[in-house]
Amino acid sequence: MQEAGYEAYIVGGSVRDILLGKIPKDFDVATSATPEQVKVVFPRCHLIGRRFRLAHVRLGGVLVEVATFRGEAGPSVGDRVHADGRILRDNVFGSLAEDARRRDFTINALFMDPVTGDITDFVGGYRDLQERRLRLIGDPVERYREDPVRLLRAARFVAKLGVEPEPDTATPIPELAPLLANIPPARLFEEVCKLFLTGHAARTLEALQRFQLTVPLFPVLPQRGMQGRAHTGVVLREALLNTDRRVQASQPVTPAFLFAALLWQPVLERATAYQEQGEQEFASLERAATEVLALQTERTAIPRRFSAVTRQIWVMQPRFNRTRGRRAMRLLSQPRFRAAYDFLLLRAIEDPSLQTTAEFWTEAQASAPSPAPPARSQGRGRGRRRRRSRGRPGRSAE
Ligand code: ATP
Ligand code: MG
């Protein structure tokens, strides 16, 4: 971009990570060029986004998000601002200094010249980063109202970077947390994935609890004590630690398993209540699963390819109790056996009476003549792990 005569800087999380000595996973670039001008320089880039228009440029396998400097629009600009203070469109172009002020936290508003390595800092972000301080730019309440996802981003950066929010940045969070209800569920699903599938899930849950954001984000979770904090059990805690270990080890993680762990508590409570009313175990679980998923997807979308697996993980749990007969062994050839089994192992940490059952299925896998189902699940890999085979797992266990 500089060679083409434009201003261009590395900005956002990538600069922050470089200064913290980490390797950025992707790069954000701010430029004086409009998206159309970026397209002329990089004809193969993709222009995306509505709220913020961006160009996605792939360079040597790395994704670079190139955004034009954003500016402050006057208050009279059409339908840009919603009645609740949310900014719906933010495509007014501006100067470098204005762009810095539109960003969320000071540590995210540093510009690095990619050629000289010089840092431009309009907001005191460099010092904040050195002192591990999280500070919203401008008036925190106003900035949270403009975009309540910043509430979650605050919790995420506390967990991910170990920064400590300034009182003015931290204090309004619990009170403003209900504003998350106004965010499109698809955007919140993306945020949940960033919160829990990027290697610091356990600390993220602690931060969400601390800022009373857990229930606003997962309204089906049973509230515990103070407003906004949820009762979270051993299964969830262990699942998050396990997810973090998997991310560390570059193993795949999936939202399906994450949501199975997140929402298990309310599913179990509902299913138990229906059983007390005389409903069958499977039927009660099915019904509880449907209800809990429906309630949660009002807040965070869960694409069906994930929620279908989440449901299977839950509904398979009682089937593990049947350990006799050839029919029981059919479970081994179910496509979701492995994920459901990993989930059983987490449940057995909470409830030691499940240990024997868990061990039975660990053994059963090791001695089964057919290859174990694909290991695309989260787990501690106690059973025998085979190479992933293409197509459906063998059915010779029948
Ligand atoms: P990471 O990449 O680790 O998730 P990040 O800070 O790079 O963190 P991105 O979502 O990639 O987060 O955003 C890039 C930059 O865009 C941010 O650093 C920030 O300057 C700006 N930004 C992102 N989201 C917002 C927001 N909701 N409000 C204001 N500025 C934002
Ligand atoms: Mg980023």
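A brief look at the structure comes next. All values reported here derive from a predicted model rather than from experimental measurement. (Residues numbered from 1 in each chain as written. Chains lettered and ligands numbered in written order. Predicted model: local features only at pLDDT ≥ 70, side-chain atom pairs only at ≥ 80, totals over all residues. Heavy atoms only, no water.)

Description of the pattern of salt bridges
Taken as a whole, this structure holds 21 salt bridges when the rule is applied. Between Glu131 and Arg127 there is a salt bridge whose closest N-O contact spans 3.0 Å. Accessibility expressed as a relative area gives 54% for Arg127, which makes it exposed. The partner of Glu291 in a salt bridge is Arg287, with the nearest N and O atoms 3.7 Å apart. Pair noted here: Glu291 and Arg287 are both in helix 15 (residues 281–297), with a separation of four residues, about one helical turn. The structure contains a network of salt bridges with shared partners spanning Arg127, Asp128, Glu131, Arg133 and Arg135. (Salt bridge = Lys/Arg side-chain N within 4 Å of Asp/Glu carboxyl O. Buried < 20%, exposed > 50% of the residue type's maximum accessible area, 1.4 Å probe, protein only. Helix = DSSP H or I, 4+ residues; strand = E, 2+ residues; numbered from the N terminus.)

Side note on the pairing of strand 1 (residues 8–11)
Residues in a regular strand project their side chains so that they alternate between the two faces of the sheet. Neither face of strand 1 is exposed, since Ala8 and Ile10 on one face and Tyr9 and Val11 on the opposite face are all buried. As paired strands, strand 1 and strand 2 (residues 27–31) are joined by four bridges and run antiparallel to one another. In the strand pairing of strand 2, Ala8 is matched with Thr31. Bridge analysis of strand 1 against strand 6 (residues 110–112) gives two bridges, and the strand direction is antiparallel. Along strand 6, the bridge assignment pairs Ile10 with Met112. (Pairing = 2+ DSSP bridges.)

Remarks on the nonpolar core
Of all hydrophobic cores here, the largest spans 75 residues; its most connected members are Phe196, Leu213, Trp314 and Phe343. In terms of residue count, the dominant contributor to this core is helix 6 (residues 149–161) (nine residues). When sequence neighbours within four positions are dropped, the list of residues in contact with Phe343 reads Val235, Phe257, Ala260, Ala261, Trp264, Ile313, Trp314 and Gln317. Formed by 15 residues, the second largest nonpolar core is a distinct cluster that contains Ala340, Leu344, Trp361 and Ala364. (Core = buried A, V, L, I, M, F, W, Y, C linked by side-chain atoms within 4.5 Å. Contact = heavy atoms within 4.5 Å.)

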